[in-house]
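Single-letter residue listing:
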Amino acid sequence: MRNAECGMRIGEKMMARTNLADLKVLRPAGVALLGMVAAATAGGQAIAQQPAAARPTARFEKNIVAFGSPYATVVAADFDKDGQMDLATAAIEEVVWFSRRSRKSFWSRQVIHKRTAETGTLTSNAMLAQDMDGDGDTDLLAHTGGTGHLAWYENPGAKAEGPWKRWIIDVLKNPHGTAFEDIDKDGRPDLVANQEGSLVWYVIPRKPSGALPASYSGEPGGRTRWERKYLARSGADGIPHSLAFGDVNGDGRRDLCTGASDGGYFAWWERPADGTLLWTRHQIRKAPGATHLIPADINRDGKLDLVTVVGHGKGVSWWSGPDYTAETVIDTSLDGPHSPVLVDIDGDGDLDFASSGRENKVFAWFENDGKGKFTRHELDTAQSGLDTRAADLDGDG
């Protein structure tokens, strides 16, 4: 299955996170779409595109995994090493994971961490699965906008049962996005995060566990482990959202893309030859409610394009590279498409698009014809969402 250069938002089968009350799976032949119910750009040449009425090439069956708290994120990984994909999610009161105990639709719920007076709310805008401590099992990374905590949860190993230890990495101002990227070219992934006003990164320590010193201020030199470093000390204001990496200017180096909802802009930061130095900001265009700027080759011409998503409003478009001036509209009907994902849903070799409308609760995927023309296929009219992920949940490839 072909993926785009947008890190955590790309995978093999699809999932969506929302702010209502349950976890749902929509399963087609070959691609499964999962959703959690708990969670217009200006400039250039606009090419209007109306959704066409066509028979979808992938069919979906919705399956409910769990009811309960208003889940705010979901991530798929094999946490217990049984060869099957599990799910993890975060709510206000707890972080939990669901183990698939058999090939049938049976999910066993396990508590990772409960809310305490010290932790505050545990809701995360997006979690990532990563082996943080190098012990061979999959841990979880989470950031919480309410407290500013950037933290990771340590998988206890074995069957991953019992509470997981929670380690605070840093305290940021309203973080909304995280990603893993090798910034210093040492062959190991580094951690990148945004906060109001700046973009920060951290070398992942060989031994990342340990309590955050009470005196830590977050500035360089404050401690030897998890030292906060900067890709940008300014210019990332207006609540920047998702982080996506791709070579925007064709110089062979992966740049950083994001959108800022309150700032109302899409921008990319140019990576210097030495990625540990400050990166240069380039604004693509203004758009109130902007949330996602995703680099991907949409029309299969070998050149990187940019997908813009107004997740706090309406509007999904793609802009043809390398100059990014010609706009093709993918959709204008989803109200709050805060959960975008690019993945080859129908197995034809190109990247399709999917998202739910957070406000109007319409969940749809958009079929790419390989040249960047998209056909809309509505999946659900009662599926609100903040995030969509792709994963092979039923193990059918």
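Residues numbered from 1 in each chain as written. Predicted model: local features only at pLDDT ≥ 70, side-chain atom pairs only at ≥ 80, totals over all residues. Heavy atoms only, no water.

J.: Summarise the overall build of the chain; cite the residues concerned and give the values.
T.: Of the regular secondary structure elements, the chain holds zero helices and 30 strands. For the chain, the exposed area adds up to about 14900 Å²; of that, 49% sits on carbon and sulfur atoms. (Helix = DSSP H or I, 4+ residues; strand = E, 2+ residues; numbered from the N terminus. Areas by Shrake-Rupley, 256 points an atom, 1.4 Å probe, with all protein chains shown as cover.)

J.: Provide a residue-level description of the environment of Gly302, including the pertinent values.
T.: One can find Gly302 in the loop between strand 22 (292-296) and strand 23 (305-309). Residue class for Gly302 comes out exposed when judged on its relative accessible area of 68%. Between the C-alpha atom of Gly302 and that of Gly321, which follows or precedes it by 19 residues, the distance is 9.5 Å. (Buried < 20%, exposed > 50% of the residue type's maximum accessible area, 1.4 Å probe, protein only.)

J.: I'd like a rundown of the pairing of strand 14 (residues 178-181), residues and numbers included.
T.: Neither face of strand 14 is exposed, since Thr178 and Phe180 on one face and Ala179 and Glu181 on the opposite face are all buried. The sheet contact formed by strand 14 and strand 15 (residues 190-195) spans four bridges and is antiparallel. Within the sheet, the bridge partner assigned to Ala179 lies in strand 15 and is Val192. (Pairing = 2+ DSSP bridges.)

J.: Give me the sheet that holds strand 6 (residues 73-77): which residues, what numbers.
T.: As summarised here, the arrangement of the four strands in space is 6-7-8-9, forming an open sheet in which the pairing is antiparallel. The open sheet has two edge strands, strand 6 and strand 9 (107-114), and neither has a second partner. Neighbour to neighbour, the strand axes of the sheet diverge by 20° on average, direction disregarded. Pairing analysis gives five bridges linking strand 6 to strand 7 (residues 86-90), with the strands arranged antiparallel. The partner of Val74 across the bridge, within strand 7, is Thr89. (Axes fitted to C-alpha atoms, helices over the stretch in contact; angles between N-to-C directions.)

J.: Give me the lowdown on the pattern of salt bridges, citing residues and values where you can.
T.: Scanning the model with the defined rule gives ten salt bridges in all. Measuring nitrogen to oxygen at the nearest pair gives 3.3 Å for the salt bridge that ties Glu93 to Arg115. Highlighted residues: Glu93 in the loop between strand 7 and strand 8 (94-100) and Arg115 in the loop between strand 9 and strand 10 (127-130), separated in sequence by 22 residues. With a shortest N-O distance of 3.6 Å, Arg376 and Asp331 are connected by a salt bridge. Here the residue Arg376 occupies a position in strand 29 (residues 374-380), and Asp331 occupies one in strand 25 (residues 326-331), the gap between them amounting to 45 residues. Its relative accessible area of 17% is what places Arg376 among the buried residues. Its relative accessible area of 3% is what places Asp331 among the buried residues. Here the salt bridges do not stand alone but share partners, grouping Glu94, Arg109 and Lys114 into one network. (Salt bridge = Lys/Arg side-chain N within 4 Å of Asp/Glu carboxyl O.)

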